[in-house]
Structure formats: C-alpha cells, structure tokens
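Given next are the chains, with one letter for each unit.
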Amino acid sequence: DTGVSQDPRHKITKRGQNVTFRCDPISEHNRLYWYRQTLGQGPEFLTYFQNEAQLEKSRLLSDRFSAERPKGSFSTLEIQRTEQGDSAMYLCASSRSGGTLRWIQETQYFGPGTRLLVL
Amino acid sequence: SQQGEEDPQALSIQEGENATMNCSYKTSINNLQWYRQNSGRGLVHLILIRSNEREKHSGRLRVTLDTSKKSSSLLITASRAADTASYFCASQTETSGTYKYIFGTGTRLKVLA
C-alpha cells in the first residue's frame, strides 16, 4: 500500500502566476477529495470526484480554481492568477465506496499535502 | 462558516492523564470520524462512528456520539507524549447521493512528559 501521494510538497509562487498540484490516490479508490487548510483551522472541503466525475464543488472554489480527474485515477488542482489569500495547505484524500448503502464505513486516506505560499 | 466546532481549542496535560475533546456539528450525518494531524503533515484516520451508534472503542480511544445534541466526544486514555497533535472531527453528510465531509476547527493537544 503506497498511500496517497501529492506533488509538489511545497510551492512558492508570485501573485498572478498559475500553479498546478497533483494527487495520486490509493489504487482502486474511486473517490477523491480536495481540501484546503489554513493555519490553525481544519480542512475545508473544495471538491470531490467519484471516478472521473466531479460531483460536488464548494463555493470556496472560485472560477480561478479547476480540478480534473481525467481517467479516474490521479487528479490535478489548478489555481490560476494566484492571490496571497490562496496561501494554504492543499490536501488530497481518497476513499473506496462500497455502493449507495447509507452505513458504509467510508474512511478517507489523506496525502501529505502541498503547502502553497503566494508572495 | 462550513466548519463544525471543537472544544477546547487547546489542551495541555501530563503524560498518563486522560484527554477529552468535544465536537459539535450542524446537520444530520451518516457518520462521524476523528482524525489526528501532526504538525505540518497530512491527517491520519483514528476512528469512525456511525450515526446509529452511541459509543465506540479502539485501543485507548473512546468515541461517543449524541445525534440529538449533534455532538461527539473523543477520549484518549493514559495519554503519551506521542499523542501530541491536533485532533479533528469530520461529519459525513450526504445530499442526493453525493458525499461531503465537514471538519471541525480542531483541538491542539499537548502531552507533557
């Protein structure tokens, strides 16, 4: 089990630049989540995929943010025209759903995160 | 804010003591999960409790859930210095077949050796 990996681990960029982060989930996990975490706060949900379909997007995800999961495996999160307020840790998590049963014990496995600093 | 609330925000105890942290959420849930996060790292899943369960144990961890009060608590018994971390609850909600996790603001636990 190689776990969830994220790349890069750290990114420093200048305001106005575009950045792209990659997440590789645990193989066979069909759900993939992106979160943003600022210092001293809990993770805030951004978006989630089931296989290649993006099923939900948070209102936090402005038009400058876009996420893809083209083949239902890895995912990318792109931020265009970065702003200083985008500085945060971006976390990816994956899970395996067992169907539509309400009581399914779905556990998310988190990656180490990508820390973004916008200067 | 879309976040749940946890209290206390910070907790400092001596090794061997018990630590209790509480979490409140806002909407009906499928389950509630607790995670640990060491400084600057990803989150590690600790325990999950379903909405039809009231109490669950895993090693030194005990979780309770009160859906009428929309609250949960995590008890860590016989704490160790290695338990020093931030602890987050996450409530899983479902809307029309899509799932979302709402995390709390976290409790920063420090266990003194």
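As a reminder, the structure under discussion sits directly above these lines.
For every chain, the first residue of the written sequence is number 1, and numbering continues from 1 along that sequence. For naming, the first written chain is A and the first written ligand is 1, with later ones following in the order written. The predicted nature of this model means local features are confined to residues of pLDDT at least 70 and side-chain atom pairs, given and counted, to a pLDDT of 80 or more, with totals for whole chains, interfaces and linings taken over all residues. Excluding hydrogens and water, the side-chain figures rest on all heavy atoms present in the structure.

> What am I meant to see in the interface of chain A and chain B here?
Here a residue-residue contact requires only that any non-hydrogen atoms of the pair lie within 4.5 Å. Taken together, the contact between chain A and chain B spans 31 residues of the former and 29 residues of the latter. Counting the surface lost from both chain A and chain B, the interface buries some 2400 Å², and carbon and sulfur atoms represent 46% of this. Salt-bridge detection follows one rule: a side-chain nitrogen of Lys or Arg within 4 Å of a carboxyl oxygen of Asp or Glu. The tally of links from chain A across to chain B stands at one salt bridge. The salt bridge partner of E56 of chain A is K100 of chain B, with a shortest N-O separation of 3.4 Å. The definition of a polar contact used here is a pair of N or O atoms within 3.5 Å, where within protein one atom must be able to donate a hydrogen and the other to accept one, and adjacent residues in sequence count solely through side-chain atom pairs. At the junction of chain A and chain B, the tally comes to two residue pairs in polar contact (both at pLDDT 80 or more). To qualify as a helix, a DSSP run of H or I must reach at least 4 residues; to qualify as a strand, a run of E must reach at least 2; elements of each kind are numbered from the N terminus. Where the side of chain A that touches chain B is concerned, the elements lending two or more residues are β4 (31–37), β5 (44–50), β6 (53–57) and β9 (88–95) of chain A. Per-element accounting of the side of chain A that touches chain B gives the leading share, four residues, to β4 of chain A. Grouping the constituent residues of the side of chain A that touches chain B by class yields 14 nonpolar, 11 polar and six charged. We define buried area as the total accessible area lost by two parts upon association, computed with a 1.4 Å probe and summed across both. The nonpolar class holds Ala, Val, Leu, Ile, Met, Phe, Trp, Tyr, Cys and Pro. Asp, Glu, Lys and Arg form the charged class, and all remaining residues, Gly among them, are polar.

> Can you walk me through the state of the cysteines in this structure?
Covalently bonding the sulfur atom of one cysteine to the sulfur atom of another cysteine gives a disulfide. Pairs of cysteine sulfur atoms within 2.5 Å are what we label disulfides. All told, the structure shown has two disulfides over all chains when counted by the stated rule. The side chain of C23 of chain A participates in a disulfide bridge whose partner is C92 of chain A; the two sulfur atoms lie 1.8 Å from each other. Taking the sign of the S-S torsion, -65 degrees for the link of C23 of chain A and C92 of chain A, the bridge is left-handed. Remark: C92 of chain A occurs in strand β9 and C23 of chain A occurs in strand β3 (residues 19–24); sequence separation between them is 69 residues. Residue C23 of chain A shares its accessibility class with C92 of chain A, and that shared class is buried. Across a sulfur-sulfur distance of 2.0 Å, C23 of chain B and C89 of chain B are joined as a disulfide pair. Relative accessibility under 20% of the residue-type maximum defines a buried residue, over 50% an exposed one, and the middle range a partly exposed one, all with a 1.4 Å probe and only protein chains included.

> Can you walk me through the packing of aromatic side chains in this structure?
The way to describe two aromatic rings as a pair is by their centre distance and the angle between their planes. Residues and elements named next belong to chain A. When the centres of two rings from Phe, Tyr and Trp lie within 6.5 Å, Trp using its six-membered ring, the rings pair. Their planes under 30 degrees apart give stacked, over 60 give edge-to-face, and anything left gives tilted. Scanning the entire structure with this criterion turns up 10 aromatic pairs over all chains. Considering the side-chain rings of Y35 and F110, the 5.6 Å spacing of their centres and the 40 degrees angle between planes classify their relative orientation as tilted. Of the two residues, Y35 is situated in strand β4 and F110 in strand β10 (residues 109–110); the sequence distance between them amounts to 75 residues. Here Y35 falls in the buried class, since its relative accessible area comes to 0%. Given a relative accessible area of 10%, F110 falls into the buried group.

Remember that the coordinates give geometry; whether it matters functionally is a separate question.
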